[in-house]
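An overview of the molecular structure
Here is how the chains run, residue by residue.
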Amino acid sequence: MQHALRATQTWELLLNLWPTPRPLVSEDIVRALESLYDPMATDLARAIRHRDFTLRIVDDAEFNRLVRQISGDERGEFWSGFTVRGDPYFYPMDTITIRQIQNVSGAVFPELVFERLVTLIHEYEHHLHRSLADSPQISQLNEEMSAHLRHLHFRSRQGFTESIDDILKVSPLGLGMYLRDRIESSYLQRSLAPRVRSLEPLDSSEGARRERIEDSAHYSRGLLDLSLDRLLAVLRRGTTAGEDRGPVRDWLMEARRVLEEQRKDLGEWIESKEGVPTPYLEAASYRYVDFARVWEQLTETLNLLAEEPSTAKLSLIRRRLDWVLYDGGHGRAWDWNEVPWFLRLTETTPPAEDRLAYGRHLLERFHPNPTSEDFDLLEAAAGGPIRGRDIAFDLDDTLGDTVARHVAEKIHGLDPGRYDQDPRESVHQLQRVRAVYRHMQALLLGLWASGNRLRLFTASDNYAGNHDAFFNDYPALKVAFGLASPEGPEVLLRSADLDQSPHFMDRLKYQRRYAELFSGESGRRFLQNVRTERSLGESRGFRSAKLPTPGFPFEVLVDDLQGFGVELREAGFGERWVRAQGNGLRQWSSLVEFFSSPREPAMDLWNRWLSEEYEE
């Protein structure tokens, strides 16, 4: 780690914070965090200053004693920090405890203090997600996923990328897929055996049990393949006859019985090992989870084929089977143009040039239950005063909620009108779901129909299975944001496709773009000219802001976080921010008001830069 840190700006910034050795205190941590110019570090420093939680720094002996007392784990020396929940009724303050460093100085910073900062980033994420305790087991897994992503992200931003490099060496599908599989495996293991401690070699005396599990898995795979083949045949014939669907129902019922036997076998075996999953059992657990998910998609497809499917149901069938055919590992050579229902759908599709009619078609096709309000909003936006504009939208808490799947389903049960569709209809999104707010698809299609250029500017990272999974569950939005052609909205997006799109910007892509524009001498001089004209301090660089750039311009940013609007104004871009309203109808009103009112203009320096006419 020392080598990795010494090659970064982090080392230089923090090397001289402690001129004389002394014990670590919270103010040292705040000073270190504030020196990093990192949004995660800045938020954490602010939380410590505001006492959003109680921070305890204790010596090794006390730390290990607390670990044994709280968790019963005798291996306290392997822990780096932990969070203890506050009681929301009597004492709502969380407590984060980390290990003391007795002699803090520049000489020991990288090896010791950096690890404390990483630990705090991890534990702070647990603190932020304390509201997800609806189901203790699910909540713990979601928290760990989020906390590990956060501290890996923080490490890599500070130049320490070895952890991610090691993961990518064993995960050709990327970091997102690796972590997803680890979480799913953990969920299964913790459901069956909560005492997972370490790995042991497979006991060869249990060959008979292993052979039974392998035979069961082979049989399960065969049943699922038969079910898939028959469902595809039903689609080819375009019929809902009972004799076509009857065998599929029987096969799936048998597959469910066999999958339950697999689950029981795996559970008993893990229990017999005192809750310790061997590498084989871990792999078998992954396979069980994949089979169970494929079974769910095929079963739902069978239910949708109980009668001739509507336009919306056809699109949901395609999303479910696309997942099975590609992500689910049951690949087939398959052409959706062979399906009569889809051919009839294509024959009645209006020309893409008629954007209003095509927008209505997309809403009917991909929205499971559009209302008259949806169609009225689409037509109002398509024929309204906002035309030919560049509009950027944030994603999380702007287009929709991003929450754990079970939380999204609970919210939907309490408030069915909150989202455009039931989160249970999300196929590609797994543990966490992005559910679009009500009427939002109609608004975005209407803005697209009136010739506006819509862009997505998200502060989250575009790892595999994150943003691409969201768009694959909402194909109409691919067209609205220019991520797919009107003729091919259902083509599966990958994270690499999003990264290459000129209409998409995530945090990592913005960082690359920022470095391209401002790391050279001319870029630094340009920023200095901006600082001079705006009377800003030397350190103001807007590295973590959301600024328009050449090739990615926008006249307004729709976002839930006001800080981005403040930064736009401070930089000299004028008034370019509108608060996210959590509902398409309300968002339309706020956008109309924004574009119909006089606005503070951007300074000429930025206007020339955005039009690529800037000359020193």
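Rules behind the numbers
- Residues numbered from 1 in each chain as written.
- Predicted model: local features only at pLDDT ≥ 70, side-chain atom pairs only at ≥ 80, totals over all residues.
- Heavy atoms only, no water.
- Pairing = 2+ DSSP bridges.
- Helix = DSSP H or I, 4+ residues; strand = E, 2+ residues; numbered from the N terminus.
- Axes fitted to C-alpha atoms, helices over the stretch in contact; angles between N-to-C directions.
- Buried < 20%, exposed > 50% of the residue type's maximum accessible area, 1.4 Å probe, protein only.
- Phe/Tyr/Trp six-rings, centres within 6.5 Å; stacked < 30°, edge-to-face > 60°.
- Salt bridge = Lys/Arg side-chain N within 4 Å of Asp/Glu carboxyl O.
- pLDDT = per-residue confidence, 0-100.
- Contact = heavy atoms within 4.5 Å.
- Parallel < 35°, antiparallel > 145°, perpendicular 65-115°, else oblique.
- Nonpolar A, V, L, I, M, F, W, Y, C, P; charged D, E, K, R; others polar.

1. Concerning the sheet that holds strand S1 (residues 54-58)
What the three strands build is an open sheet, ordered S1-S3-S2; its pairing is mixed. The open sheet has two free edges, formed respectively by S1 and strand S2 (81-84), since each of these has just one partner strand. The average angle at which neighbouring strand axes cross in this sheet is 20 degrees, direction not considered.

2. Description of the sheet that holds strand S7 (residues 453-457)
Read across the open sheet, the five strands follow the order S8-S7-S4-S9-S10; overall the sheet is parallel. Of all the strands in the sheet, just strand S8 (504-505) and strand S10 (577-579) have a single pairing partner and so form its edges. Bridge count between S7 and S8: two bridges; the pairing is parallel. Each bridged residue has a counterpart across the sheet, and for Phe457 the counterpart in S8 is Met505.

3. Side note on helix H18 (residues 440-449)
Most of H18 sits out of view: ten of its ten residues are buried. Met440, Gln441, Ala442, Leu443, Leu444, Leu445, Gly446, Leu447, Trp448 and Ala449 are the residues of H18 that are buried. The first or second residue beyond H18 is Gly451, which carries a positive phi of 85 degrees.

4. Some words on the packing of aromatic side chains
Inspection of the entire model under this criterion finds 20 aromatic pairs. With 5.6 Å between their ring centres and 50 degrees between their planes, Phe457 and Tyr510 make a pair best called tilted. Note that Phe457 is positioned in strand S7 and Tyr510 in helix H22 (residues 507-518), a separation of 53 residues in sequence. Note on Phe457: relative accessible area 2%, which makes it buried.

5. Digging into the pattern of salt bridges
Think of it this way: side chains of opposite charge can pair up when their charged atoms draw near. Throughout the structure, instances matching the rule amount to 41 salt bridges. For Glu260, the salt bridge goes to Arg263, with nearest N and O atoms at 2.8 Å. Separated by three residues within a single helix, Glu260 and Arg263 lie in helix H11 (residues 242-272), roughly one turn from each other. Between Asp422 and Arg424 there is a salt bridge, with the nearest N and O atoms lying 2.7 Å from each other. By relative accessible area, which is 51% here, Arg424 ends up exposed. What you see here is one network of salt bridges that share partners, running through Arg318, Asp322, Arg365 and Glu490.

6. So, the confidence of the model for the protein chain
Model confidence for the protein chain is summarised by a mean pLDDT of 81, while 82% of its residues fall at 70 or above. Within the model, the stretch residues 131-137 combines pLDDT values under 50 with ten contacts to residues more than four positions away or in other chains. In the predicted structure, residues 187-203 sits below a pLDDT of 50 and forms 43 contacts with residues beyond four places in sequence or in another chain.

7. A short note on the packing of H18 against helix H25 (residues 584-596)
The N-to-C vectors of H18 and H25 enclose an angle of 40 degrees; their axes lie 7 Å apart at closest approach. Considering the angle they form, H18 stands oblique to H25. Contact residues: Met440, Leu443 and Leu447 in H18; Gly584, Gln587, Trp588 and Leu591 in H25. When the residues that make up the contact of H18 with H25 are grouped by side-chain class, the tally is five nonpolar, two polar and no charged.

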